[in-house]
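# Secondary and tertiary structure notes
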Amino acid sequence: QVQLVESGGGLVQPGGSLRLSCVASGPILSINSMGWYRQAPGKQRELVADISGAGSTNYATSVKGRFTISRDGARKAVYLQMNSLEPEDTAVYYCNSNLLNLYRQSRDYWGQGTQVTVSS
């Protein structure tokens, strides 16, 4: 089955940086888009950034200028470089991909999540 596996979360001080990675595997015919969402305690899951197959990017206002999303089509991977991290960025970060599976169904898939904690 299709799987998205994230890595790169952890604890960082305010002003620090982290890089998240996500790799998709399984019966995938093509990937339409990949992105990152986050969910803080007591809050709804929100879009952080996403990137289309053509490379168009979209960012949440709160992370513009600090976070950069990129992808490697050959590796079926997406990355999130996070700089100037703030305590408000603390959340579980989830990888998301809209892709065409082996049954030619366009579906959304999610990773298991990786914790990012920004604290001194």
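Please refer to the structure higher up on the page.
This report concerns the structure included in the present document. (Residues numbered from 1 in each chain as written. Predicted model: local features only at pLDDT ≥ 70, side-chain atom pairs only at ≥ 80, totals over all residues. Heavy atoms only, no water.)

### Focus: the overall build of the protein
Heads up, the rule is: Runs of H or I in DSSP of at least four residues are treated as helices and runs of E of at least two as strands, each being numbered from the N terminus. Just to be clear, the radius of gyration here is over C-alpha atoms, and the globule rule we use is 2.2 Å times residues to the power 0.38. The buried label goes to any residue with under 20% of its type's maximum accessible area, the exposed label to any with over 50%, and the partly exposed label to all in between, with areas taken from a 1.4 Å probe on protein chains only. We call two residues in contact whenever any of their non-hydrogen atoms come within 4.5 Å of each other. For accessible areas, the Shrake-Rupley method is used with a probe of radius 1.4 Å. Any residue's cover is judged against the shown protein chains and nothing else. Asp and Glu are treated as the negative residues and Lys and Arg as the positive ones, with His and the ends of the chain left uncounted. Charged groups are reduced to one reference atom each: NZ for lysine, CZ for arginine, CG for aspartic acid, CD for glutamic acid.
Assigned secondary structure in the protein consists of 0 helices and 11 strands. Counted from the first residue to the last, the protein has its helices and strands arranged as β-β-β-β-β-β-β-β-β-β-β. Here the C-alpha radius of gyration of the protein, 14 Å, is about what a compact globule of 120 residues would show, namely 14 Å. Seen along its three principal axes, the alpha-carbon backbone of the protein occupies a region of about 45 × 25 × 25 Å. Expressed as a percentage of its 120 residues, the buried residues of the protein come to 40%. Taking as baseline every contact in the protein between residues at least 6 positions apart, the subset at least 24 positions apart corresponds to 55%. Accessible surface computed for the protein: about 6,300 Å², of which carbon and sulfur atoms make up 46%. Computed over 11 positive and 8 negative side-chain charges, the separation of the two mean positions in the protein equals 7 Å.

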